[in-house]
Amino acid sequence: MSASGEINDPTLDPSLQSWVESANEVGGNFPIQNLPWGVFITSDGEDRIGVAIGDMILDVKQAIDTLALQGLPPETACSLCAPTLNAFMGQGPRSWRAARRSISSLLARGADPHPQLLIPQSSVSMRMPAQIGDYTDFYASRHHASNVGRMFRPDADPLLPNYLNLPVGYHGRASSVVVSGTPIRRPMGQLKPDDGPSQHGPCRLLDYEMEMGVFIGQGSPMGHPIAIQEADNHLFGIVILNDWSARDVQKWEYQPLGPFNAKNFGTSISPWIVTMEALSPFRRSGPERLPDDPPLLDYLVPTKDDVLDVTVDVYIVSEQMRSQQMAPHRVSRGNLSDLTWTFSQMLAHHSSTGCPMQPGDLMGSGTISGTEKESRGCLLEMTWRGQEPVELPDGTQRKFLQDGDEVIMSAFCESEGAVRIGLGDCSAVIQPAL
Ligand code: MN
């Protein structure tokens, strides 16, 4: 993204502060430069669009109804009074920028304070930010794909022949995507022990996958591919995504058509969508191609700095740690910029056939792993299939997840000359199988 774009965007001015004092605390997730979108439940039980600011939520409908929030195109104001973000997402970058600027002006220090429009984040529950029509999960980290390939096909090249030519993905199950905080039940599945016949029972090798997800904003009609230089206009913003995975189910079922029941019992996302505008100070060139990599076909050649520099941490809290009030234990730290494919490349490839995209569709990045052990984004890789267990501070070990374990993912962006922004948390507790 051009540096001039950042300078011209007053909502990204690092000196900007808010009359919401908690937004000005250094190191917080939601300064006024962030302004992520979500849906919260009001005290009357209504689903309502909000914007996170410091430790509060701006009630957007209330701000529009009371005329505190002005200057929005009428269709934008209307879409922001809906119970999901889909209609707003579908309006495209002009509406997104107009809303961002108006909300930034409303919340900026120097504007009339409107504390009656704020609700403490701690006092409400969050909903899914959008109704997801379709969910696709990619496999964009060559380090993850290489590690998994080495484990499952030790005698072959760890990367399959197509891996560096196209972003590999599978069509997931939108109905099983849930917002952070929703418990995840250990799935039942068909398993095949190495030394016996197949059986049906609770998953024994339950894993997380640390990913980021991107929401599609403006859609595209069937038969109309989205060119890579247009991808930006169709990407609304990102969330943290945990693609819960049943490794034993996966191992038995994945050939020949890829993941199925191993992935359809739950995928968690963080509730706040951080927009592409807020991410523009954290864009980098890339992704890196190595000397032996095949040349990219034209439709996949990046036309902008599409790599996002987002750090993601994974923590585990066991039931025992929770009862003893022990701090969450950090298992890994990765970065979205380690991926071999960007969201723009994923969207260009996904839609290249003419596959239609809808506002609110979700694309997962695939497990984010880097070159170092501490940056491996799932337990399968971190413990090398259980051979090197993770030690927890309660004295127990984990090869895979146990009932009662909570997995927490958190993410942030830092860059010189920009105010740090965070994505918040994506967490869930594992419940026993039924
Ligand atoms: Mn995945």
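Here, the structure is the one placed above.
Here's a quick rundown of the structure. Quick caveat: nothing in here was measured; it's all calculated off a predicted structure.

Let us now look at the overall build of the protein. Of regular secondary structure, the protein possesses 11 helices and 26 strands. Expected size for 434 residues packed as a compact globule is a radius of gyration near 22 Å; at 21 Å, the protein falls within 12% of this value. For the protein, the proportion of its 434 residues judged to be buried stands at 55%. Taking as baseline every contact in the protein between residues at least 6 positions apart, the subset at least 24 positions apart corresponds to 72%. A total of about 18,400 Å² of accessible surface is found on the protein, and carbon and sulfur atoms cover 51% of it.

Buried residues dominate helix α6 (residues 142–152), accounting for eight of its 11 residues. By the burial criterion, the buried members of α6 are Arg142, His144, Ala145, Ser146, Asn147, Val148, Gly149 and Met151. Looking at the packing, one finds that the buried side of α6 touches α11 (379–382).

Turning to the nonpolar core, a few remarks are in order. Ranked by size, the top nonpolar core spans 65 residues in total, and within it Tyr208, Met212, Ile238, Trp244, Val310, Phe343 and Leu401 carry the most contacts. Within the second largest apolar cluster, 43 residues are counted, among which are Ile32, Val51, Phe88 and Trp96.

Our focus in this paragraph is the layout of surface pockets. Considered as a void within the structure, the largest pocket measures approximately 650 Å³ in volume. Considering the residues around the largest pocket, the lining is formed by 31 residues, among which Tyr139, Val168, Gln250, Tyr254 and Pro259 are closest to the centre. At the level of secondary structure, the elements contributing two or more residues to the lining of the largest pocket comprise β6 (135–138), α6, β7 (169–171) and α7 (247–253). Top element by residues in the lining of the largest pocket is α6. It accounts for five residues. Taken together, the residues of the lining of the largest pocket break down into 14 nonpolar, nine polar and eight charged. A volume near 440 Å³ is recorded for the second largest pocket.

In total, this model carries six aromatic pairs according to the counting rule given. Pairing phenylalanine 152 with tyrosine 254 gives two aromatic rings, centres 6.2 Å apart and planes at 65°, and the pair type is edge-to-face. A residue pair is termed long-range when its members are at least 10 positions apart, and phenylalanine 152 in helix α6 and tyrosine 254 in the loop between α7 and β16 (267–269) qualify at 102 residues. Owing to a relative accessible area of 23%, tyrosine 254 belongs among the partly exposed residues under this scheme. Counting every residue linked through ring pairs, the aromatic cluster contains Trp37, Phe88, Trp96 and Phe236. Over the aromatic face of tryptophan 252 sits the side chain of lysine 192, whose NZ or CZ is 6.0 Å from the ring centroid.

Let us now look at the sheet that holds strand β4 (residues 118–120). As a general point, the strands of a sheet are linked pairwise by backbone hydrogen bonds and lie either parallel or antiparallel. Across the sheet, which stays open at both edges, the five strands sit in the order β4-β3-β2-β1-β5 with antiparallel pairing between neighbours. Looking at the sheet topology across the chains shown, the edges are occupied by β4 and β5 (126–127). The pairing of strand β1 (residues 37–41) with strand β2 (residues 47–53) spans five bridges and is classified as antiparallel. By the bridge assignment, valine 39 is partnered in β2 with isoleucine 49. Relative to strand β3 (residues 56–59), helix α5 (residues 93–107) is tilted by about 115°, and along the sheet it contacts β1, β2 and β3.

Attention now moves to the sheet that holds strand β20 (residues 311–317). Pairing is mixed in the open sheet, where five strands are placed in the order β9-β26-β25-β20-β21. Two strands bound the open sheet, and with one partner strand each, they are β9 (184–185) and β21 (329–335). Where β20 lies against strand β25 (residues 406–413), seven bridges are found, and the strand directions are antiparallel. Bridged to aspartate 313 within β25 is serine 410.

Our focus in this paragraph is empty space enclosed by the protein. If you walk through the whole model with that rule in mind, you get two cavities of 30 Å³ or more. Approximately 140 Å³ is the volume attributed to the largest cavity. Contributing to the lining of the largest cavity are 15 residues, with Asp306, Val307, Leu308, Thr342 and Phe343 lying nearest its centre. Going through the elements one at a time, β19 (307–308) and α10 (343–350) are the ones with two or more residues in the lining of the largest cavity. Ranked by residues supplied to the lining of the largest cavity, first place goes to α10 with three residues. Residue composition of the lining of the largest cavity, by class: nine nonpolar, three polar and three charged. Reported here for the second largest cavity is a volume of approximately 40 Å³.

Cut-offs applied
Residues numbered from 1 in each chain as written. Predicted model: local features only at pLDDT ≥ 70, side-chain atom pairs only at ≥ 80, totals over all residues. Heavy atoms only, no water. Helix = DSSP H or I, 4+ residues; strand = E, 2+ residues; numbered from the N terminus. Rg over C-alpha atoms; globule rule 2.2 N^0.38 Å. Buried < 20%, exposed > 50% of the residue type's maximum accessible area, 1.4 Å probe, protein only. Contact = heavy atoms within 4.5 Å. Areas by Shrake-Rupley, 256 points an atom, 1.4 Å probe, with all protein chains shown as cover. Core = buried A, V, L, I, M, F, W, Y, C linked by side-chain atoms within 4.5 Å. 1 Å grid on protein atoms, 1.4 Å probe; cavity = no way out; pocket = protein on both sides within 12 Å on 5 of 7 lines; lining within 4 Å. Points joined across faces, edges and corners; volume = space filled by probe spheres on them. Nonpolar A, V, L, I, M, F, W, Y, C, P; charged D, E, K, R; others polar. Phe/Tyr/Trp six-rings, centres within 6.5 Å; stacked < 30°, edge-to-face > 60°. Lys NZ or Arg CZ within 6 Å of the ring centre and 35° of its normal. Pairing = 2+ DSSP bridges. Axes fitted to C-alpha atoms, helices over the stretch in contact; angles between N-to-C directions.

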